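Each chain, letter by letter, is given below.
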Amino acid sequence: MLHTTARVVTDRPHRYLKQLVSHMGHKVPAELDGERGSIRFSLGSCLLVASTGHFDMIVKAGTADAIAAVEDTITRHLLRFATKDELTVDWLPLVRPAAAEDDAALLALDRVAWTAGSGLPSTRAEDRTAYFNGRRKPETHLVAALGGQIVGAVSTHQTTPFPEGAHVFGLWNLVVAEQARRMSIASALLSAAERLAGSQGAKKVGLRVLATNTGAIRLYEQHGYAVEGRYLEEFLIDGTYVDDISMGKRLTPPAPGTS
């Protein structure tokens, strides 16, 4: 899936969200739930989230042409309603390659987005002044940004340095800011990471996740990842032994005669 986003600045975000969802609901399935709205087209969908002074729109579709068609439909109808305001709608990729200049934002995100059960508490004790280092490099990371603010990140690169395993990539450091959850950010990062890995020759992507991180496990399963191994009582966390789960996904179909 491909994802794009636009942040529309207005002092009436809830009004425009409600108006757009209500109008489109006469033509296609659309729902409004408080601060959020969704519109589902045959080609793709648009999620709308209202906030103070703006609202964000996230379009999801399978192809670039479908993305463009949904963007065009949403933009035309929105601007038609804005008879008293001069709204600006600039669509941008939701996910982009990370840059060295993102270091401070990623460090801040990493510090606040960690939750118990998603990682090892000992890593929180590290007194880091930078996110990127010899192990974490900008060229292996992707970031998700809403309105110029980084709200998510993921890393992907070869799992081993050996040529025999060059076709296997791993996913690391998938994180989404709390205020940006339930907005398909994690799904967008996963899809983008898989495309990046595939463009670099990956045939398979693997990851590790703590058994206590049930939300992440559900997300990975929804994206086609399957459990490949379970390391029993791999970590002792806050007095409790926790299993470490290995999951994987084939990016290409298996060769004939293999399984």
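Residues numbered from 1 in each chain as written. Predicted model: local features only at pLDDT ≥ 70, side-chain atom pairs only at ≥ 80, totals over all residues. Heavy atoms only, no water.

(A) Up close: the pattern of salt bridges. Counted under the stated rule, the structure contains eleven salt bridges. Between R136 and D110 there is a salt bridge; the shortest N-O distance is 3.8 Å. Here the residue R136 occupies a position in the loop between α3 (103–113) and β8 (141–146), and D110 occupies one in helix α3, the gap between them amounting to 26 residues. Owing to a relative accessible area of 11%, D110 belongs among the buried residues under this scheme. Sharing partners across several salt bridges, the network here consists of D110, R128 and R136. (Salt bridge = Lys/Arg side-chain N within 4 Å of Asp/Glu carboxyl O. Helix = DSSP H or I, 4+ residues; strand = E, 2+ residues; numbered from the N terminus. Buried < 20%, exposed > 50% of the residue type's maximum accessible area, 1.4 Å probe, protein only.)

(B) Summary view of α3. The set of residues buried in α3 consists of D103, L106, L107, L109, D110 and A113. Taken around the axis of α3, the buried residues stretch over an arc of 165°, which confines them to a single face. Turned more than 90 degrees away from the buried face of α3 sit A104 and V112, all of them exposed. Packed against the buried residues of α3 are β8, β9 (149–158) and β10 (168–176). (Arc of directions from axis to C-beta. Contact = heavy atoms within 4.5 Å.)

(C) Geometry of the sheet that holds β8. Reading across from one edge, β7-β8-β9-β10-β11-β13-β12 is the order of the seven strands in this open sheet, with mixed pairing throughout. The sheet is open, and its two edges are formed by β7 (95–97) and β12 (226–237), each paired on a single side. Within the sheet, the average angular offset between the axes of one strand and its neighbour, ignoring direction, is 25°. When β12 meets strand β13 (residues 240–250), the two strands line up antiparallel, connected through eight bridges. Residue pairing in the sheet places R230 in a bridge with I245 of β13. Of the strands in this sheet, β7, β8, β9, β10, β11 (204–210) and β13 touch helix α4 (residues 185–199), which is tilted by about 155° from β10. Across the sheet, helix α5 (residues 214–222) is in contact with β10, β11 and β13; its angle to β11 comes to roughly 160°. (Pairing = 2+ DSSP bridges. Axes fitted to C-alpha atoms, helices over the stretch in contact; angles between N-to-C directions.)

(D) Molecular detail of the packing of helix α1 (residues 13–24) against helix α2 (residues 64–81). α2 packs onto α1 with a crossing angle of 120° between their chain directions and a minimal axis gap of 10 Å. One way to sum up the angle between α1 and α2 is to call them oblique. Viewed along their axes, α1 and α2 form a crossing whose handedness is right-handed. Seen from α1, the contacting residues are Y16, Q19, L20, H23 and M24; seen from α2, they are T73, I74, H77, L78 and F81. (Parallel < 35°, antiparallel > 145°, perpendicular 65-115°, else oblique. Left-handed = near helix turned anticlockwise from the far one by under 90°.)

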